[in-house]
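Chains, contacts and geometry: an overview
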Amino acid sequence: MAIAGCSSTNIEGATPVAATDGPKNTGSYPNLNIPPQAAAEQFTEAEKNAKLAQLKAEAQAQGSKGGAVKVANPAAALNTLAKQHGADALKEIEAKCDPALDPACK
């Protein structure tokens, strides 16, 4: 009896998947000799070259801004950062106090 309460036999409003999606039989073959119309006006060769030149110029401008810092020994730099980071973070946190939360804050 409990299983019957979970099942439903009401199929009103349900439509078969094949009736709403998929290919439709129009009764004729598509004419592949008609070229498709473009959705937007196509770029000319000059417009294409101008846009590519602009893109390359912007990419070069970004690349010449210095980029990443060169480190001679990355492992040593990371170890130094690991040793200093905790102390630096603690100093930064302690420097910021809220008088509303800590009455001893000056």
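Because the structure is predicted, anything quoted here is derived from the model rather than measured.

Analysis parameters
Residues numbered from 1 in each chain as written. Predicted model: local features only at pLDDT ≥ 70, side-chain atom pairs only at ≥ 80, totals over all residues. Heavy atoms only, no water. Helix = DSSP H or I, 4+ residues; strand = E, 2+ residues; numbered from the N terminus. Buried < 20%, exposed > 50% of the residue type's maximum accessible area, 1.4 Å probe, protein only. Areas by Shrake-Rupley, 256 points an atom, 1.4 Å probe, with all protein chains shown as cover. Contact = heavy atoms within 4.5 Å. Salt bridge = Lys/Arg side-chain N within 4 Å of Asp/Glu carboxyl O. Expected span 1.5 Å × (residues − 1). Bend = angle between axes of the 7 residues up to and from the residue.

This part covers the overall build of the chain. Within the chain one finds 4 helices and 0 strands. Going from N to C terminus, the chain has its helices and strands arranged as α-α-α-α. Within the chain, buried positions represent 1% of all 106 residues. Accessible surface computed for the chain: about 10700 Å², of which carbon and sulfur atoms make up 60%.

With respect to the helices, strands and loops of the structure, Phe43 is situated in the loop between helix 2 (17-20) and helix 3 (45-63). On the accessibility criterion, Phe43 (58% relative accessible area) is exposed. Those residues in contact with Phe43 that sit more than four places away from it in its chain are Lys48 and Lys51.

Side-chain pairing between opposite charges can occur once the charged atoms of the two side chains come close. For the structure shown, the criterion picks out 1 salt bridge. Here Glu45 and Lys48 are joined by a salt bridge, their closest N and O atoms 3.0 Å apart. One end of the pair is Glu45 and the other is Lys48, both in helix 3 and 3 residues apart, which spans about a single turn. On the basis of relative accessible area, Lys48 is assigned to the partly exposed category, the value being 37%.

Our next topic: helix 4 (residues 74-95). Taking 1.5 Å per residue, 22 residues should reach 32 Å; helix 4 reaches 30 Å between its end C-alpha atoms and fits that length. Along helix 4, the sharpest kink reaches roughly 35°, centred on Gln84.

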